[in-house]
Amino acid sequence: MQFILNECFRTIRKAKLYFLFSVITTTIGVFLIQASYLSGLLVKHAQKEISNNLTVQLYLKDLTPGQSYVQTEEALKQFTFIKSWQLVSKAQAEELFLKETGEDFRKILDYNPLPAAYTVQLSENLIDPAALDGAINQLRAVPMVTEVGFAVDLYKDFVSISMAAKKYLYTITIILVAIALYIVTSFSVTLLDIRAGEIRTMRFVGSSRFMIAAPVLINSIMVGFLGALLSFLGWWLALSVAGNFLRIFFGNLGELWSAIALSAVSGVVIGGISGLFALTRLKAKRQ
């Protein structure tokens, strides 16, 4: 084992610039892979937050003597896509209006023009715009409902953009992984070229395949590990600055740190796979 480690460090000393370039490139690659992954996580959290707070306003007809909203509530009970609802009476609507705007329409009008309304919280299963459209159409047909208040177009735009963003982020991640694999594989192949004479000598004296291949594989894994470590430090600095902003979306950064740590493993995986790719060239040369 001592011989293999000595060979690893001796080869790195011979190809310092290649090693340094590979580590820097892998660091950037892993950092961008993590950025892509975290962006997807951010979009997912935003979607979840919106879907958990899907509310609509059901504006109601004014009651005449002897009327009530019993029929309305009976109809709402039939819908499985409704989580809860709360009635805001005309008097409560007036109070909220005065509190939020500070304007008193009673100075001009001698009656309350604001309608009573139900604030209805919808199920998170309605994240799909088509399902949401169907639910809103059903709510429009509920007895005593005059209008359904919800920014449908804005919501659809958000869902459409977030879905497209996730698709592009996945594509970018795949491309970045491919680039990182290519660069680290190229580094490993360069190490093989540098050690070509030594490898021939080792073969001549009967060294095992493991003794020849191990330094190359370990070098590749080292590149991936250092890239992952430096990337992790980069995210530590970034989150030290932007942590308060990200807490708005994530609540706490525990999940974010877990995602960063997990995705950092990609550096080691990239290094290992790249080393194996390079060793196929060594095998081909032997044949």
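Preceding this paragraph is the structure being described.
All figures in this text were calculated on a predicted structure; none of them were measured in a lab.

What counts as what
Note that residues are indexed from 1 along each chain, following the sequence as it is written. With the structure being a predicted model, the display of local features is reserved for residues of pLDDT at least 70 and the display and counting of side-chain atom pairs for 80 or more, all residues being used for whole-chain, interface and lining totals. Excluding hydrogens and water, the side-chain values take into account all heavy atoms of the structure. Any two strands are treated as partners once DSSP identifies two or more bridges connecting them. Helical segments are the DSSP runs of H or I of at least four residues, strand segments are the runs of E of at least two, and each set is numbered from the N terminus. Whenever a helix is involved, its axis is fitted only over the stretch in contact; in every case the axis is a line through C-alpha atoms, and angles between N-to-C directions fall within 0 to 180 degrees. We call two residues in contact whenever any of their non-hydrogen atoms come within 4.5 Å of each other. Patch definition: residues with relative accessible area over 30% and no salt bridge; like charges joined within 9 Å; nonpolar side chains (Val, Leu, Ile, Met, Phe, Trp, Tyr) joined within 5 Å. Residue exposure ignores everything except the shown protein chains as possible cover, and the areas themselves are Shrake-Rupley values with a 1.4 Å probe. Any carboxyl oxygen of Asp or Glu that lies within 4 Å of a side-chain nitrogen of Lys or Arg is treated as forming a salt bridge with it. The nonpolar core is taken to be a set of buried Ala, Val, Leu, Ile, Met, Phe, Trp, Tyr and Cys residues, with the residues joined through side-chain atoms within 4.5 Å. Each residue's exposure class comes from its accessible area (1.4 Å probe, protein chains only) as a fraction of the maximum for that residue type: buried when under 20%, exposed when over 50%, partly exposed otherwise.

Asker: Just to check I follow, could you spell out the sheet that holds strand S4 (residues 145-149) for this structure?
Answerer: Adjacent strands of a sheet pair through backbone hydrogen bonds, lying either parallel or antiparallel. Sheet architecture is open: 4 strands sit in the order S2-S3-S1-S4, paired in antiparallel fashion. Unpaired on one side and paired on the other, strand S2 (82-88) and S4 mark the two borders of the sheet. With direction set aside, neighbouring strand axes in the sheet form an average angle of 20°. Alignment of strand S1 (residues 55-60) against S4, held across 4 bridges, turns out to be antiparallel. When the sheet's bridge partners are listed, leucine 60 is paired in S4 with valine 145. Across the sheet, helix H3 (residues 70-77) is in contact with S1, S2 and strand S3 (117-122); its angle to S2 comes to roughly 165°.

Asker: How should a nonpolar patch on the surface be read in this particular structure?
Answerer: Together, Leu20, Ile24, Ile28 and Leu32 make up an exposed nonpolar region whose accessible area comes to about 350 Å². If you trace the backbone, isoleucine 28 turns up in helix H2 (residues 16-51).

Asker: Would you mind going over the nonpolar core with me for this structure?
Answerer: What tends to happen in soluble globular proteins is that the nonpolar side chains get buried as a cluster. Among the nonpolar cores identified, the biggest contains 22 residues, and Leu58, Leu76, Ile82, Leu122 and Leu139 are the most heavily contacted of them. Where this core is concerned, the elements lending two or more residues are S1, H3, S3, helix H5 (129-140) and S4. Here this core gets 4 residues from one element, more than from any other, and that element is H5. Non-local contacts of leucine 58, meaning those with residues more than four positions away in its chain, are made with Leu76, Ala116, Ala117, Tyr118, Val120, Leu139, Val145, Glu147 and Val148.

Asker: Could you clarify how one ought to interpret the pattern of salt bridges in this entry?
Answerer: If charged atoms from side chains of opposite charge come close, those side chains can pair. Within the structure shown, the criterion is met by 2 salt bridges. The partner of aspartate 62 in a salt bridge is lysine 90, with the nearest N and O atoms 3.4 Å apart. Remark: lysine 90 occurs in helix H4 (residues 90-101) and aspartate 62 occurs in the loop between S1 and H3; sequence separation between them is 28 residues. A relative accessible area of 25% means that lysine 90 is categorised as partly exposed. For glutamate 74, the salt bridge goes to lysine 77, with nearest N and O atoms at 3.4 Å. Of the two residues, glutamate 74 and lysine 77 both sit in helix H3, 3 residues apart, roughly one turn of that helix.

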